[in-house]
Amino acid sequence: MSLKWQRVKAWDDAFFPAWACPAKALLRALSSIWLAVILLSGVVVYGILASVPIGMLALLPTWLVYAGLFVAGVGGITIAALAPTLALTRPLTRTPRFLMLLGIGSLAAGVAAWAWLRFAWPMLEYHAPTGDGEATGFRLFADFAERYQSTTLRRLPGIEMTELEFYSALPMRVLLLVFVLNMVVATIRRIAFEFVNLGVLTVHTGIVLIALGSVYYASQKREGNTLLQAGPTTERGDPTPGPPVGFFYDNVETVLVVQQLSFREMRDPEQRRLAGVPRYNDYNVEATPGQSVWAALARTLEPAAPDGGDLSLRVESSRSQQAGRTPLVDPDINFRVVGYASYAERETDWVRADPLASGALMSGTLNPLRLVDLAAVLPEAPEQSTRVPFFFMPRLPAHRIAETPAFAIEYRIAEVGESGIPANDPTLEAPLPQPGPYALWVRVPGRDEGQIEGQGNAATADPQVWTIAPGQVYEIDGFRLEITDVSPEPPFPIVTEGYRGSTSAVAQVRVVPPASLADSGGDTTPYTRWVYARFPEINQDLVEQNQAESTSGPAANAPMSPPMSGRRDADPSIDIRLIDASKLQVTIVEAAPADAPPGAAPTPAPGGRIVIRQRGGALRAFDAPNLREPFEIVQAVTLAVTDRWAHAEPFERPVPVPPMQQNREMVGTHQRAMLAVEVSLANRSDWRTVVWLPFVQYLEIGTDMARTVRLPDGRQLRLVFGRRQHRLPGFQVRLVDFQMLAYDHRGAPRDYQSIVRVEPIVDERGRAAFDAFEHVTKLNAPLTAPFNTHADHGLVAGLVGRLAAGLDPDQYKFSQAGWDAEGWRESQTLADQGLLPRPRARFTILQVGNYPGIHVIALGGILMALGIPWAFYVKPWLVRRRRDSLAAAARGSTTEARRHGGGT
Amino acid sequence: MAVESSVQPTSLSRAAHTLRIAFTRFFARALPCLPPCLRVSVVMLLSFPALAQTAPAGNAHPESALVTEQAAALPNPFGDPVFDPTVAPLSLADKGDFAAALDLAPLRSLAVFHNGRVKILDTLARETVRQITGRTTYQDVIDAPGGETTKVSFEPLFTLLDLVIDPTFYVDRPLLHVEYLPLRRAFLDSALPGDEAAQQRYLMMTRITPRMAAEHYLEMVDRFGTQAPSRRGLDELDRAMALWQESAANMLLVAPESRDDSWHHLSEPLPPGMDAAGAKAWRDASAAAADLGRAWRASDATAANDAITRLAAALPTINAGLYPDSRRSLELAYNRAGAFEWGWVLYFLSLIALVLAFGTGRRAVAGVGVALLIAAIGMHGFGFVARCVLAERFAIQNQFESMTGVSLFAAIVGLALTGLFRKYLYGAAAAATGFLVLIAATQTAIPGQFIEREAAILNTSVLLKYHVTTVLTSYGLITLGMVTSLFYLGAHYFGRGASSVAALAGGAVAPPTEPGRGRLLRRQLPASATACSRTSTRPR
């Protein structure tokens, strides 16, 4: 205890009256060393919580038990073996005694360790329960440890912080601020301001400087990255500078970018900061703007991460927008974050929509939707009855059919005025001549115009229906038809727009037209017709002489183009259709009321016609006066329409990805996240909608990820969930060229270099803050701007500039961080083929960050580095020296005194 | 910020959009008139937008490619393996005899490009066999009548070539390492139900057969795919299967024409414009490889040795100017020396000797300990330096290298302190540190044991080099300090209290109470120093 501290304590006792004892206690606490120890221990614990999964922390007691048992077992046996040896070898001299103790001790420890591992450890070692077994071994809090084995505290719902955010959070700040206060107070009250104490004073000053520097640093810190695109190459293949970029994206902060669109003007987008957006857990992944098909089908989503429950974060306009500027987004439009999926795939659901408000009625793009229940009722065991819901969108080919291996259901809506059987599908109720899985319905439209010349037979009066099999040949009106193949599914996916994702039985029929067709200007070239059972409108012909050019199946309805000249729309001179009787086919044709206007709300009880084609072709058709009433399709299996929507709109929503399928590097980065934003209007309390926005890393190249919301009054909004954009202060950068420097023989990358041009932004008076310059940015040669530390500024100006830049929050460093590996690889291949002079990248990514006050922090570190040796080596030496000199002086004075005393 | 909240309009919606529209128009109208390089550039530029959303970080560890993808479609240079289920594979004993009759030495130091660097065939073999079997040499057991078994071991190069030339031999051999015991057990339960003895045998070998893996892999994925350790095990098994089936793709044995070109696979067609001598050598090498394959499959060791000699002679003459020379010898020496393995053994012996010297007070034993320590550091240092040369970088950039670097720095400092202060305690601490760290690095699955390319930023950063070196040195010194402290604690608790501690601190190999055992014992700790060690000076 220093003399100064004793004096200070005495002063405290004298100064503070009894009633001020809390103030005295607080002052004493802030002066104490124990408080520093406690606070620093708190920092250590906080750091552990930041980095170590709580599941692992939960394993600590278990490992303590393991370690205790090991030490007890091995140590006990070793000590038991050594104790008698110690006694027995006492008479021996040092060398043999040592050798015996070492040998017996090592042997006993080895044997004990082996025995422990052989017998005890197999009983203790924990094995999680497998699919068909139970957990074995010993583990405390096993479930908790398993569940949170890779989850740190900061990732739990309600906390949701990155490591940086966690370290910047309030508890850590309080700990550090109290520690700094403690250090300042203790330094002032305990340490004498003497030369000998220079070391500890320097150390403490260094710590305080680091703390103050960190406060400044943290308050001004910005870090992110920017993507610089390459420009087009010249004719010789030389690169040209890419577009200028005057901003960068924040690493952590997210924004909702809103752009209001209207016919009159195109406003600039506005970015609104999102506070409190989660990172690691899912919240309300079921959020929808209304009644959805998935909800109707009872499809539930399992969250990929722990479900944090509901979310409600208001998204406010920024202050600058509120402060009297012309608003970029009308102020009556409100935004709220209502859901978050941390790692998800995008899938399309359908939601019920108002035909009028959505504009579908006006544009004629109505998508009616029907929900149908299939019920299998077992009379003898009604409790085992099952109900399977389906949905159909009769206007969309891909969605009007529900298919299973055993049966298929198709739902159609008859056009207005039709009696129930669509006029364009004469095959629906066509009987099969013989039972069979497939039949061909063929008609030659030209027969009404009389006999085909040159043909002895009369033109067929009615369409022909044949039950077919591959290899069979038929003739009709001079056309020769050979069935080359029939399959329940097309060998290639249907890619025609509107039919994508649908499937149908398909027959390949080789058609040889009659020679007489040429007389009427027809094409007599043989061709193979691909006949789709469900979609005759996309039937196609592959003309034989060009067939070799086509290496893939027909892209149905693909426009004619020179490379695909062998493929054409089906020749109308013969109408061929396929009837699929390979499994039970149920077709529901909902009748439309004769006077129903287009898009009218569905009637409460529609009727319709049901056509059931059994496997093999047997046909049953009947009228159903009310489709809501169950009607039997086979024994004990019924269908019933449960709901009818006049219009449904697609709704993109997240489907959480199971943790084992996630790329761990993307967890917590938002890169695979989706955000649910609710849009509402201040003056329309009855209207709101929800849109899920995928995260966009770089806004300028992620325009396809923007989502559009149409308001009931016609206004439109483009919404993007992305990162906050910061402007670069007074300058912009552009990529001039990029090089990946590889090890020899195209080995791994050795370095990356981006040649970057820094250009000042010229003000209204034509003045620029600095001259434009270029810099080769490598992994370890970052660019600094706007003050270029690599340029020759002269000694003094350079030094002053560096120091000023070190404090300036608008001084940025650009480091090479990412590159276009795929583009480089592809262009390398092209370069090898002589198509490019050398490989190139389409973009480079630079890490952008400022480091305000970093030199202050460094100075603090230097002071600490200087003070510690002083405190530990110089001070003791000074103290010894003073003590020795005092002792010498004391000895001298004693001698002198003795001499004087002796003399007296 | 002028408009804090607005997205910079010049960039987001205008510049990029305008640029792209302009390019699109340009593309549509002018592209057919452009020269090929410009056309390709424009196409590439227009096609990039979605890619950069998840651009790879430039500082990432280079992607590992155990099987060279670009050569996967090329034919096997040693000829196609015979997959005839009616023909019984060679017996293990015959395979062993054939292996013994082969002389693979000429092939061992041939250069091969694999996974981002040029290495020698011996290294590729060690890496491949380790990846597949979990150890550097493939071992199997010959069953003899009466339940007797004989262990056979095949050197890595033989195993690699055998996997490429005669993979069917291994279909029912215990080839594929499954580290995770519950997964291994599950495979064996499914593959050998009820056969406890066979299961136990495979369990002990830690390997299963390719047939077991192929037949039960999907079942295991279904059962254990959700559990992290099993999933890791299944991934490793998948990689091992790929190596077993596709190692022929790794035969990039032909040197390229320039440093900017890739190495060639032996089965590639000859590049256009190659000089006649090179082309002849390439053809000779291909023919020799084909002959080797035929002879190997026929178990004709004489013909195989002849083909080996021809192959080894032909390959270095193709683009000879770029064929590595001295580095191959160094790599072979590095592989053969097993510097880090021998290093821990020597450190251990040194530690034992020095501990014995402390206990017995024999100066000669201490001398032996120090000599062993010097030998260990020499071996360790050779490994470290050779690795630096082979890796073309300061080899402290992955976990394995960090450990070998840490222990080398600590051992050198310990040796220096021993010499400087004549305290053998530091030598013992150095030996213990070297032993503990090296045995952990070499005998456990520490990543980075094979020489690979590391993240680019680690290669060029001078600052990082100093930073990492300083940090690692400090780790080494901390370990040294810890071991030294353990000696003190041991002396305090198991020795004779303060006198033993003082003896250690003074560098004596015997307590000061027993004088007369040589010069070492005469070095006593000054009283002031012991006083100093007991009363700390706290900074104020």
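Check the entry above for the structure.
What you are looking at is a predicted structure, and each value in this text was computed from that prediction instead of being measured.

Visitor: What am I meant to see in the overall build of chain B here?
Guide: Looking only at helices and strands, one finds 21 helices and 6 strands in chain B. Counting only residues that meet the buried cut, chain B has 41% of its 540 residues in that class. Of the contacts formed within chain B by residues at least 6 apart in sequence, a portion of 70% connects residues at least 24 apart.

Visitor: Just checking my understanding: could you explain the sheet that holds strand 31 (residues 749-760) of chain A for this structure?
Guide: The strands making up a sheet associate through backbone hydrogen bonding, with each pair oriented either parallel or antiparallel. Residues and elements named next belong to chain A. Spatially, 3 strands are ordered 30-31-32 in an open sheet, and the strand pairing comes out antiparallel. Where the open sheet ends on each side, the last strands, each with one partner, are strand 30 (731-742) and strand 32 (773-778). Across the sheet, the mean angle from the axis of one strand to that of its neighbour is 20°, orientation sign disregarded. Pairing analysis gives 11 bridges linking strand 30 to strand 31, with the strands arranged antiparallel. Note that in strand 31 the partner of Leu741 across the bridge is Asp751.

Visitor: Hey, could you run me through the packing of helix 11 (residues 276-297) of chain B against helix 12 (residues 301-314) of chain B in this one?
Guide: Between two packed helices, what matters for the description is the angle formed by their axes and the separation of those axes. All names here are of chain B. The geometry of helix 11 relative to helix 12 is characterised by a closest axis approach of 8 Å and an angle of 155° between their N-to-C directions. Considered as vectors, helix 11 and helix 12 are oriented roughly antiparallel to each other. The crossing of helix 11 and helix 12 is left-handed. Contact residues: Ala281, Asp284, Ala285, Ala288, Ala289, Asp291, Leu292, Ala295 and Trp296 in helix 11; Ala303, Ala304, Ala307, Ile308, Arg310, Leu311 and Ala314 in helix 12. A class-by-class count of the residues in the contact of helix 11 with helix 12 yields 13 nonpolar, no polar and 3 charged.

Visitor: Sorry if this is basic, but what is going on with the sheet that holds strand 9 (residues 401-403) of chain A here?
Guide: All names here are of chain A. The mixed open sheet is built from 5 strands, whose spatial order is 9-10-20-21-22. The sheet terminates laterally at strand 9 and strand 22 (619-624), the two strands that pair on one side only. Across the sheet, the axes of successive neighbouring strands diverge by a mean angle of 10°, strand direction being ignored.

Visitor: What is the right way to look at the environment of Gln725(A) in this model?
Guide: With respect to the secondary-structure elements, Gln725(A) resides in strand 29 (residues 716-727). Taking C-alpha positions, Gln725(A) is 9.4 Å from Thr226(A), a pair spaced 499 residues apart along the chain.

Visitor: Before we go on, may I ask you to explain the packing of helix 5 (residues 121-133) of chain B against helix 13 (residues 326-337) of chain B in this structure?
Guide: Residues and elements named next belong to chain B. Where helix 5 meets helix 13, the closest approach of the two axes is 9 Å, and the angle between their N-to-C directions is 40°. Our classification of the angle between helix 5 and helix 13 gives oblique. In this structure, helix 5 uses Asp122, Thr123 and Arg126 to contact helix 13, whose residues at the interface are Glu331, Leu332 and Asn335. Tallied by class, residues from the contact of helix 5 with helix 13 come to 1 nonpolar, 2 polar and 3 charged.

Visitor: Honestly, the nonpolar core in this entry has me stumped. Any pointers?
Guide: Most often, soluble globular proteins have nonpolar side chains that are buried together. All names here are of chain A. With 72 residues, the main nonpolar core has Leu675 and Val677 as its most contacted residues. Among the elements that line this core, the one with the most residues is strand 2 (residues 247-261), at 7 residues. Those residues in contact with Leu675, other than ones at most four positions away along the chain, are Val277, Val337, Tyr340, Leu693 and Phe721.

Visitor: What am I meant to see in helix 13 of chain B here?
Guide: Residues separated by three or four positions in an α-helix point in the same direction, a consequence of the helix having 3.6 residues per turn. Residue and element names in this part refer to chain B. Helix length check: helix 13 (12 residues) gives 16 Å between terminal C-alpha atoms against 16 Å at 1.5 Å per residue, within 8%. Of the residues making up helix 13, those classed as buried are Arg328, Glu331, Tyr334 and Asn335. Looking straight down helix 13, one finds its buried side chains confined to an arc of 120°; they lie on one side. Facing away from the buried side of helix 13, by more than 90 degrees, are the exposed residues Ser326, Ser329 and Arg336. For helix 13, the elements touching its buried residues are strand 1 (111-114), strand 2 (117-120), helix 5 and helix 15 (363-391). In the segment just after helix 13, Gly338 is the residue with positive phi, at about 55°.

Visitor: What should I look at first to understand the pairing of strand 10 (residues 407-413) of chain A in this one?
Guide: Put simply, side chains in a regular strand alternate between the two faces of the sheet. Residue and element names in this part refer to chain A. Counting buried residues in strand 10 gives 5 out of 7 residues, a clear majority hidden from the surface. Pairing geometry for strand 9 and strand 10, over 3 bridges, is antiparallel. Residue pairing in the sheet places Ala402 in a bridge with Ile409 of strand 10. Across 7 bridges, strand 10 lies against strand 20 (residues 584-590) in parallel orientation. By the bridge assignment, Tyr411 is partnered in strand 20 with Ile588.

Visitor: What is the right way to look at unusual backbone geometry in this model?
Guide: Glycine aside, the phi torsion of most residues is negative, and most peptide linkages are trans. That bond from Ala785(A) to Pro786(A) is cis: its omega, 5°, falls within 30 degrees of zero. Considering the arrangement of structural elements, one finds Pro786(A) in the loop between strand 33 (783-785) and helix 14 (795-807). Within the chain, Arg422(B) stands out as a residue other than glycine whose phi angle is a positive 55°. Tracing the backbone shows Arg422(B) in the loop between helix 16 (399-421) and helix 17 (424-443). With 13 C-beta atoms packed within 10 Å, Arg422(B) lands in the partly exposed category.

Rules of the game
- Sequence positions are assigned chain by chain, starting from 1 and proceeding in written order.
- Chain labels run from A onward and ligand labels from 1 onward, assigned in the order the entries are written.
- With the structure being a predicted model, the display of local features is reserved for residues of pLDDT at least 70 and the display and counting of side-chain atom pairs for 80 or more, all residues being used for whole-chain, interface and lining totals.
- Secondary structure elements follow DSSP: runs of H or I no shorter than four residues count as helices, runs of E no shorter than two count as strands, and numbering proceeds from the N terminus.
- Exposure criterion: with C-beta atoms placed from backbone coordinates, a residue whose C-beta has 20 or more other C-beta atoms within 10 Å is buried, one with 12 or fewer is exposed, and one in between is partly exposed.
- Contacts here follow a simple rule: the backbone-placed C-beta atoms of the two residues must lie within 7 Å.
- One requirement defines pairing of two strands: DSSP has to find at least two bridges between them.
- All axes are obtained by fitting lines to C-alpha atoms, using only the stretch in contact for helices, and the reported angles, taken between N-to-C directions, cover 0 to 180 degrees.
- For classification purposes, an angle smaller than 35 degrees is called roughly parallel, one larger than 145 roughly antiparallel, one from 65 to 115 roughly perpendicular, and anything else oblique.
- Rotating anticlockwise by less than a right angle from the far helix to the near helix defines a left-handed crossing, while the corresponding clockwise rotation defines a right-handed one.
- Under this grouping Gly is polar, as are all residues other than the nonpolar Ala, Val, Leu, Ile, Met, Phe, Trp, Tyr, Cys and Pro and the charged Asp, Glu, Lys and Arg.
- Defined on buried residues, the nonpolar core groups Ala, Val, Leu, Ile, Met, Phe, Trp, Tyr and Cys residues joined through C-beta atoms within 7 Å.
- Any helix carries an expected span of 1.5 Å times its number of residues minus one.
- Each direction from the helix axis to a C-beta atom contributes to the arc, which is the arc of those directions.

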